[in-house]
Amino acid sequence: MKLPPFDYACPESVADAVALLAAHDDAKPLAGGQSLVPMLAFRVASPSLVVDLRKLKDLQQIKISANGVTLGAMVRWCDILEDAKLRTAHPLLVAAVKHVAHYQIRNRGTVGGSLAHADPAAELPCIAVACEAEIAVAGKAATRTIAVADFFKGPLMTALAGDEIITELRLPPWPAARRFGFEEFARRQGDFAIAGAAVYYDLDGGGKARNVHVGAIGVADRPLRLHAAENALNGKTVDEAAIAAAAAAASAEVDPPDDIHASGAYRRALIGTMVERALNAAAAA
Ligand SMILES: Cc1cc2nc3c(=O)[nH]c(=O)nc-3n(C[C@H](O)[C@H](O)[C@H](O)COP(=O)(O)OP(=O)(O)OC[C@H]3O[C@@H](n4cnc5c(N)ncnc54)[C@H](O)[C@@H]3O)c2cc1C
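The structure contained in this document is the topic of the report that follows. These numbers were taken from a predicted model, which means no experiment stands behind them. (Residues numbered from 1 in each chain as written. Predicted model: local features only at pLDDT ≥ 70, side-chain atom pairs only at ≥ 80, totals over all residues. Heavy atoms only, no water.)

1. A few points about the packing of aromatic side chains
As a reminder, the rule being used: Any pair of Phe, Tyr and Trp rings, taking the six-membered ring for Trp, is counted once the centres come within 6.5 Å. Such a pair is stacked with planes under 30 degrees apart, edge-to-face with planes over 60 apart, and tilted for the rest. The secondary structure listing takes helices from DSSP runs of H or I that are at least 4 residues long and strands from runs of E that are at least 2 residues long, numbered from the N terminus. Lysine NZ or arginine CZ positioned within 6 Å of the ring centre and within 35 degrees of the ring normal marks a charge as sitting over the ring.
Enumeration over the complete set of coordinates arrives at three aromatic pairs. Ring geometry for tryptophan 174 versus tyrosine 200: centroids 5.3 Å apart, planes at 65°, classification edge-to-face. Of the two residues, tryptophan 174 sits in the loop between β10 (165-171) and β11 (179-185) while tyrosine 200 sits in strand β12 (residues 195-203), which places them 26 residues apart along the sequence. An aromatic cluster is present here, built from Trp174, Phe180 and Tyr200 joined pairwise through their rings. The residue whose ring lies beneath arginine 178 is tryptophan 174, and the NZ or CZ to ring-centre distance is 5.0 Å.

Dropping the structure here:
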């Protein structure tokens, strides 16, 4: 399908990119184009100006330090999967990204594009929410940092202002001994998940779970932290009974609507199964 007409700019700095966005009310940044181009084709978006971010080299970096992992907004899925250091610096991130789409899409789709697109079934927003990440953004007047809990507002809706672009996703440090699991269910390999769960926890000196974090996708209009599931496991030995209790709590705390892909009741049951599988994987590690 032909795209609607639009002007095109390809700035060489973040300052120029945000100045262009600020000067055009309905301008849109372009990253990998894996969602924006279909949206243009289907007339879901009709910007007068498309601002291509591909020359912004500063946004293409993966940084690993004692402060955690920082992913530039233009880091692609394939960059994450090809970075050997990330497999130990943030194995949960890598486990989740393996489920994103297909090879061709992973070759172009980006961190910033995924966060800004805010699909409620996308994997990276789930990791960001589960890990209490921060999102760095730049606007014409200022830069700011948004806690991920305040970032996602609904399907395809975020806290970004029209002149702002995402510059970085910042994930807190990942202890080497941390237990984790990521599980999702999709009809076909590479499809968006019907539901998925990211879990991690640390073990205290007595072998009990602490710092339990559970993220969920596909069960609401945005990625969720499942606090009841976390509370069900915190302070417990991670055995079959504790995992079953956390899974039941996960199902009980979501209220997904029916849609063309699945009924709400199915998604509610499915998220319990995903949490159970992810916790079993974490416990078995
Ligand atoms: C067939 C298919 C299957 C897919 N399956 C999955 C899947 O299973 N899981 C998954 O997570 N994703 C999936 N995707 C989406 C894909 O992974 C991309 O992540 C997603 O399209 C957005 O990234 P992008 O770089 O292509 O962004 P673009 O398409 O370029 O942009 C998407 C939106 O983000 C905005 N934007 C882009 N970059 C920035 C920025 N730095 N700051 C502010 N706004 C910005 C754009 O203006 C646009 O509104 C799939 C896509 C397709 C086509």
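2. Concerning helix α1 (residues 14-23)
For clarity, the threshold we go by: Remark: exposure states derive from per-residue accessible area (1.4 Å probe, protein chains only) relative to the maximum for the residue type, with buried under 20%, exposed over 50%, and partly exposed in between. Taken from the helix axis, the directions to the C-beta atoms give the arc we talk about.
When α1 is considered as a whole, its buried residues turn out to be Ala17, Val18 and Leu21. All buried residues of α1 lie within an arc of 90° about the axis, which places them on one face of the element. With respect to the buried face of α1, the exposed residues turned more than 90 degrees away are Ala15 and Ala23.

3. A word on the state of the cysteines
Stated formally: Any pair of cysteine sulfurs within 2.5 Å is marked as a disulfide.
Within the structure shown, the criterion is met by zero disulfides. Cysteine 78 takes part in no disulfide bond, and the closest cysteine sulfur, belonging to cysteine 10, lies 18 Å away. Cysteine 126 takes part in no disulfide bond, and the closest cysteine sulfur, belonging to cysteine 131, lies 8.8 Å away.

4. Comments concerning the pattern of salt bridges
Going by this rule: Salt bridge criterion: a side-chain nitrogen from Lys or Arg within 4 Å of a carboxyl oxygen from Asp or Glu.
Considering all chains together, one arrives at 14 salt bridges under this definition. In this structure, the salt-bridge partner of arginine 54 is aspartate 52, at a minimum N-O distance of 3.1 Å. Using a relative accessible area of 47% as the deciding quantity, one classes arginine 54 as partly exposed. Exposure remark for aspartate 52: the relative accessible area of 5% places this residue in the buried category.

5. Digging into the site of the ligand
Basically, it comes down to this: Nearness of a residue to a molecule or strand requires only that one of the residue's heavy atoms be within 4 Å of it. Areas reported as accessible are Shrake-Rupley estimates using a 1.4 Å probe. Residue values count occlusion only from the protein chains shown. All amino acids are sorted into three groups, where Ala, Val, Leu, Ile, Met, Phe, Trp, Tyr, Cys and Pro are nonpolar, Asp, Glu, Lys and Arg are charged, and the leftover types, Gly among them, are polar.
In the vicinity of the ligand lie 32 residues, with Pro29, Ser35, Leu36, Thr110 and Glu123 positioned nearest. Protein burial of the ligand: of its 960 Å² of free accessible surface, 89% is covered by the chains. Broken down by secondary-structure element, the contributors of at least two residues to the shell around the ligand are β2 (28-30), α2 (36-41), α7 (111-117) and β10. A total of five residues in the shell around the ligand trace back to one element, the largest contributor, which is α7. Along the lines of polarity and charge, the residues of the shell around the ligand split into 17 nonpolar, 12 polar and three charged.

6. A few points about the sheet that holds strand β13 (residues 209-217)
Selection criterion: Criterion used throughout: strands pair if DSSP finds at least two bridges between them. Residue contacts follow a heavy-atom distance rule, with two residues in contact if any of their heavy atoms lie within 4.5 Å. Here the axes come from fitting lines to C-alpha atoms, over the contacting stretch only for helices, and the angles between their N-to-C directions go from 0 to 180 degrees.
As summarised here, the arrangement of the four strands in space is β11-β12-β13-β14, forming an open sheet in which the pairing is antiparallel. Bordering the open sheet on either side are β11 and β14 (224-225), each of which pairs with just one other strand. Looking at chain direction, β12 and β13 are connected through seven bridges and run antiparallel. If you follow tyrosine 200 over to β13, its bridge partner there is histidine 213. Most of the contacts of helix α8 (residues 123-130) go to β13, to which it runs at about 150°, and overall it touches β11, β12, β13 and β14.

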